[in-house]
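One letter stands for each residue in the lines below.
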Amino acid sequence: MTTQRLLLQAIDTGTAGFGLYADDPQPAMTALSDVRALAGRVLALATTQELAECLPADLLEPYNELLSMSVSDVANPSARLGFTSPPSAIATAVGLTAAVNILNQRSVREAGQAMRWLISARQQTAARVNPSMLAQWGIGTSAVFRSAQLAAVGPMLRPSEQLRHRVTSSRPDTLEAVSARTLDRSRSVPSVFWPAWSLRISPTQGSLTRLLRPALSCVLLIIGNRLEYADVSRRLSTVVKASRTSWFLQKLAADPAWPDILAALTRLADYLDECPAPIDYSRRRRLDYTGILPDAYWTEICRRTALLPGKGVRVRFARCLLYERLSGLPAEHAPSTFNITGPVFRAGLTDFATQLTPELVIELDRVADQFLQVNSIHEPLSWQPPNHLLEGLNFPGRDPETIDVNLLHGLIREPGMTLPRAAESLGTTSDTIRYLMECHPAIPVPMTIQRARAVGDVKRWARINLTANEVSRLLEEEGLSLQQIGARHGIGRRAIEALAREYSVITHRPRRPGPGPTPRVVISRDWLYDQHVNSQRTLTEIARETGMSQPNMVRWAARLNIPVRPGGGRSHTAALNIAKQAATCPSMLQKVLTGAGAWERLDRFVAIADQPSMTAGAAALGINRNALVLQINRIERELDGPVFFRGNHGRPMRLTDLGHQLLVAIAQAQPLRGLQS
């Protein structure tokens, strides 16, 4: 009677709004096509035992009697209104009642579960189940009915088909109904899957987790469309093979948590289609990372954070860290200048996370932010999908947020503690520890000289306790020798001498006749630079004043990286003239009017301001490109910022805001020019 009432109501109103149609009402004729498709399948395939679970006894009993009768005994008039209709009203009632019971469920997913018994193992094996066979149920069916069919066969499909048809969503789709916007999802997906999600989803550990992350990104792009793995790999600029991605997908599907993993990936794909990530990873994959974090800047960072530079190895780790974070690509794809060298280097990169400190992370963030600004990108440095998409789901991996970070910091700062040992102590993986240390770097343990000796890090202790100002004060005000400073702090003279050289502080006690001690002369880089470069004094004059020989002063200038002018009175005179001009020019020009050839550099900067590239600018001036690049580099170094956005990937070179300011300053200074450099 319920079935009869719902069908008559749909026919009378012209619209079906019961059960799974409540959120998406369908025309009566379309809904009746759904009912007919289901009823026909019930009558063709259902057994008495299966019908007993979904039909009342007062209907099932006469139907069983009907089945026991011979065909000739069944009421079957020769002229029927519908030649495809069942042979009796009882059969019609059975098929329609079973069909409406399924369609009257509250949601598409519940309707799919209710009709799943129609796709039992005896009709077809899982290997033969595919979405195309659903079209055989009937023609003219509704999209909401097809979604219920997909929900029904979902667990029997191959993992890739489950993803493509979004079988765990509230409304599974046939591929023809998927919006084209899913093809643009690659802009919101990094080549290497987000670490926080990877650590929870991954049922593997170690190197397999590292290989799984690119495969997960590829899997995310096939959801809801027909993209092939090879096409997905090209879109993500990765080298992960289709066979590798398929293998990892099979491994995920074999895990008991696969339904939740499938649901999480589908939720994430739907979220990115509605709310694209604030980072355009497609653009970031195309950037040139060759010049990120120069050696000189890394040295300055180490000085400010009391970290040892590490003989060129740590700077490579830091560059890889920045590259992975900004580009979304694995470190193995970094430019060749990064010098990535196999598993040993990869292990060192993982261990580098334990050396991070809050101060060092701030410095690296500043480098990353400057890199994005130079490339005219106004995006966050990194991004993770929101955690609310994972609510109510269980995964094989442990949630990193459940690990006590304070306990981790205490472990990782113990002498001799390694990252794998810390992971073992906390019952997690090395990848999880690396992720947590990058997100929550540990504060350095207060370093005593005894601890420094125990861990073999005396130089770091000296950096922390003997700053450049302190070394200069001890040398200049207290008149201590390097050996005396070392003895005061319990370290050797050579360590103090190396530290003084690193700070560009040198000492010299000139040999002078006469009784009494000879006063010590402290020469810092800033003082020597001011005397020789800014005040234009010759090294000979400075050497005479300090009681040092001229060759010795030249050697110290080279050690302290002081630009030395070539000899000759004319060049000296020209430099002095430029210095006089600089005093009357705008403050910006005072920074770049230094030394011979200053105006020539500025004139060439003006001449190439509208050129599309350095090569074109050099050709227009008729000079060597390398010479022009060196001159522009010097201007940028003196201004402490770029004056051009360099051209790449078909984009022409153009002025930065700093470059425009320099053009204005040069134009204002033209009337003040006298003698040319």
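Student: Whenever I open this one, the overall build of the protein chain confuses me. Can you help?
Tutor: Tallying secondary structure elements over the protein chain gives 35 helices and six strands in all. Long-range contacts, defined here as pairs at least 24 residues apart, represent 67% of the contacts in the protein chain between residues at least 6 apart. Carbon and sulfur atoms form 53% of the exposed surface of the protein chain, whose accessible area is close to 33700 Å².

Student: Which parts of the structure should I look at to understand the nonpolar core?
Tutor: A general tendency of soluble globular proteins is for nonpolar side chains to be buried together. Ranked by internal contacts, the top residues of the largest apolar core, which has 84 residues, are L38, M115, W137, L163, F193, I201 and L220. Here this core gets nine residues from one element, more than from any other, and that element is helix 13 (residues 258-274). Excluding its chain neighbours within four sequence positions, the residues that come into contact with L163 are V219, I222, I223, G224, L249, W258, L262 and L265. Residues A318, F338, L408 and L411 belong to the second largest nonpolar core, which totals 50 residues.

Student: Would you explain the packing of helix 16 (residues 313-327) against helix 17 (residues 342-352) in this entry?
Tutor: Each pair of packed helices can be summarised by the angle the axes make with each other and by the distance between the axes. In contact at an axis separation of 10 Å, helix 16 and helix 17 are set at 80° when each is read in the N-to-C sense. For the element pair helix 16 / helix 17, the angle class is roughly perpendicular. Listed contacts from helix 17 to R314, R316, F317, A318, C320, L321 and E324 of helix 16 are F345, G348, L349 and F352.

Student: In this structure, what is going on with helix 2 (residues 28-45)? I would like to understand it.
Tutor: In an α-helix there are 3.6 residues to a turn, and that puts residues three or four apart on one side. For helix 2, which comprises 18 residues, the first-to-last C-alpha distance of 26 Å matches the rise-based estimate of 26 Å (1.5 Å per residue) to within 8%. Of all the residues in helix 2, the buried ones are A28, T30, A31, S33, D34, V35, A37, L38, A39, R41 and V42.

Student: How do you make sense of the confidence of the model for the protein chain when you look at a structure like this?
Tutor: Per-residue pLDDT for the protein chain has a mean of 81; in total, 84% of the residues score no lower than 70. Per-residue pLDDT, averaged within each element of the protein chain, yields its smallest value for helix 30 (residues 569-584) (55) and its largest for strand 2 (residues 26-27) (94).

Student: Honestly, the environment of N104 in this entry has me stumped. Any pointers?
Tutor: Counting through the fold element by element, N104 comes out in the loop between helix 5 (89-103) and helix 6 (108-115). Judged by its relative accessible area of 34%, N104 is partly exposed. Sequence-wise, N104 and Y21 are 83 residues apart; in three dimensions their C-alpha atoms are separated by 8.2 Å. In this structure N104 touches L6, F18 and G19, once residues within four positions along its chain are discounted. Among the polar contacts listed, one links the side chain of N104 to the backbone nitrogen of G19, at a separation of 3.4 Å.

Student: Quick question: what am I supposed to make of the packing of aromatic side chains here?
Tutor: By convention here, two paired aromatic rings are described through the distance between centres and the angle between planes. Per the counting criterion, the structure on display carries twelve aromatic pairs. On the numbers, 5.4 Å between centres and 90° between planes, the contact of F18 with Y21 is edge-to-face. Among the residues examined, F18 registers a relative accessible area of 10% and is labelled buried. Accessibility expressed as a relative area gives 0% for Y21, which makes it buried. Ring geometry for F605 against F644: centres 5.5 Å apart, planes inclined by 55°, an arrangement best described as tilted. Taken as a pair, F605 in helix 32 (residues 598-607) and F644 in strand 5 (residues 644-645) lie far apart in primary sequence, 39 residues in all. As far as burial versus exposure is concerned, F605 and F644 are alike and both buried.

Student: Looking at this structure, how should I read the environment of R651?
Tutor: Its location among the elements puts R651 in the loop between strand 5 and strand 6 (654-655). Its relative accessible area of 39% is what places R651 among the partly exposed residues. Through-space distance from the C-alpha of R651 to that of S613 is 9.3 Å; in sequence the pair is 38 residues apart.

Student: Would you explain the pattern of salt bridges in this entry?
Tutor: Pairing between side chains becomes possible if they bear opposite charge and their charged atoms approach one another. Following the criterion strictly, the structure yields 20 salt bridges and no others. Where D231 meets R234, a salt bridge forms, and the shortest distance between an N and an O atom there is 3.8 Å. On the criterion of helical spacing, the pair formed by D231 and R234 is a turn pair, its members being three residues apart in helix 11 (residues 229-235). With a relative accessible area of 23%, D231 lands in the partly exposed category. What makes R234 exposed here is its relative accessible area of 60%. A cluster of three or more residues bridged by salt bridges with shared partners is formed by R166, D173 and D270.

Student: Even after reading the chapter, I still don't get unusual backbone geometry, so can you show me in this structure?
Tutor: A negative phi angle is the norm for most residues apart from glycine, just as the trans form is the norm for most peptide bonds. Positive phi outside glycine occurs at R166, with the angle close to 50°. Looking at the secondary structure, you find R166 in the loop between helix 8 (159-164) and helix 9 (195-201). Since its relative accessible area comes to 13%, R166 is described here as buried. Of note in this structure, L293 is not a glycine but carries a positive phi near 55°. If you trace the backbone, L293 turns up in the loop between helix 14 (281-284) and helix 15 (295-305).

Cut-off values and rules
Residues numbered from 1 in each chain as written. Predicted model: local features only at pLDDT ≥ 70, side-chain atom pairs only at ≥ 80, totals over all residues. Heavy atoms only, no water. Helix = DSSP H or I, 4+ residues; strand = E, 2+ residues; numbered from the N terminus. Contact = heavy atoms within 4.5 Å. Areas by Shrake-Rupley, 256 points an atom, 1.4 Å probe, with all protein chains shown as cover. Core = buried A, V, L, I, M, F, W, Y, C linked by side-chain atoms within 4.5 Å. Buried < 20%, exposed > 50% of the residue type's maximum accessible area, 1.4 Å probe, protein only. Axes fitted to C-alpha atoms, helices over the stretch in contact; angles between N-to-C directions. Parallel < 35°, antiparallel > 145°, perpendicular 65-115°, else oblique. Expected span 1.5 Å × (residues − 1). pLDDT = per-residue confidence, 0-100. Polar contact = N/O pair within 3.5 Å; in protein donor to acceptor, adjacent residues only side chain to side chain. Phe/Tyr/Trp six-rings, centres within 6.5 Å; stacked < 30°, edge-to-face > 60°. Salt bridge = Lys/Arg side-chain N within 4 Å of Asp/Glu carboxyl O.

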